[in-house]
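So the chains spell out like this:
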Amino acid sequence: MKKIEIYTDGACSGNPGKGGWGAVLVYKGKEKEISGGEAQTTNNRMELTAVIEALSALKEPCEVTLTTDSKYVCDAINKGWVFSWKNNNWKKADKKPALNVDLWEKLLSLLEKHKVEFVWVKGHNGHKYNERCDALAVSYYQNLND
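Values in this document were obtained by computation on a predicted structure and should not be read as measured data.

> Which residues make up the overall build of the protein, and what values go with them?
The helix and strand tally for the protein stands at five helices and five strands. When the helices and strands of the protein are placed in sequence order, the string is β-β-β-α-β-α-α-α-β-α. Scaling as 2.2 N^0.38, a compact globule of 146 residues should have a C-alpha radius of gyration of about 15 Å, and the protein matches this with 15 Å. Expressed along its principal axes, the backbone C-alpha trace of the protein runs to roughly 45 × 40 × 25 Å. Relative to all contacts within the protein whose residues are 6 or more apart in sequence, the contacts with residues 24 or more apart total 65%. Total accessible area computed for the protein in this model is approximately 7900 Å², and 47% of it derives from carbon and sulfur atoms. Averaging the positions of the 21 positive and the 19 negative side-chain charges in the protein gives two centres separated by 4 Å.

Structure (structure tokens):
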């Protein structure tokens, strides 16, 4: 399996509001940047979308180290919350419905294809790729028409 490093971030102007996501994929020293966004969304949806779009960009199963500043994404995967939510018909431990089920289902499908290690990094703390992903996300939503 190819080993890829992926860095992702999502951003929102208002929550909900205009949002963007950015990702940088690094393979053998080569970088590929991707980004996108939505006119009406939430920060968590953009964080998840960044991960989904980056993994979807891979043309074959890969071994991935995915770095994000989203505790929501990292904890849901690394602490197994999302698997519990799914097993409980998308209900959280407090019996309230899980949010963003459509995106979680897409992500879980991608995790069956790729071997992914999720790593959390503190956002807005000078991490080169986290800062770049944030800039991609913000630039995208700033260019959306009102």
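Structure's up, so let's keep going.
> Talk me through the pattern of salt bridges; I want residue IDs and the actual numbers.
If you walk through the whole model with that rule in mind, you get six salt bridges. Among the ionic pairs, glutamate 60 bridges to lysine 2, the shortest N-O distance being 3.5 Å. Here the residue glutamate 60 occupies a position in the loop between α1 (43-56) and β4 (62-68), and lysine 2 occupies one in strand β1 (residues 2-14), the gap between them amounting to 58 residues. The class of glutamate 60 is partly exposed, set by a relative accessible area of 35%. One salt bridge in this structure joins arginine 45 and aspartate 102, with 2.8 Å as the shortest N-O distance.

> Help me get a handle on the packing of aromatic side chains, residues and values and all.
Applying the stated criterion across every chain yields a total of three aromatic pairs. Ring geometry for tyrosine 7 against tyrosine 129: centres 4.4 Å apart, planes inclined by 20°, an arrangement best described as stacked. You can see tyrosine 7 sitting in strand β1 and its partner tyrosine 129 sitting in helix α5 (residues 128-142), a full 122 residues away along the chain. Consider the rings of tryptophan 85 and tryptophan 104, whose centres lie 5.8 Å apart with planes at 75°: the pair is edge-to-face. With tryptophan 85 in helix α3 (residues 81-87) and tryptophan 104 in helix α4 (residues 101-113), the pair connects residues that are 19 residues apart, well separated along the chain. Both residues of the pair, tryptophan 85 and tryptophan 104, belong to the buried class. Taking the ring centre of tryptophan 120 as reference, the NZ or CZ of lysine 71 above it sits at 4.6 Å.

Conventions adopted
Residues numbered from 1 in each chain as written. Predicted model: local features only at pLDDT ≥ 70, side-chain atom pairs only at ≥ 80, totals over all residues. Heavy atoms only, no water. Helix = DSSP H or I, 4+ residues; strand = E, 2+ residues; numbered from the N terminus. Rg over C-alpha atoms; globule rule 2.2 N^0.38 Å. Contact = heavy atoms within 4.5 Å. Areas by Shrake-Rupley, 256 points an atom, 1.4 Å probe, with all protein chains shown as cover. Lys, Arg positive; Asp, Glu negative; His and termini not counted. Charge placed at Lys NZ, Arg CZ, Asp CG, Glu CD. Salt bridge = Lys/Arg side-chain N within 4 Å of Asp/Glu carboxyl O. Buried < 20%, exposed > 50% of the residue type's maximum accessible area, 1.4 Å probe, protein only. Phe/Tyr/Trp six-rings, centres within 6.5 Å; stacked < 30°, edge-to-face > 60°. Lys NZ or Arg CZ within 6 Å of the ring centre and 35° of its normal.

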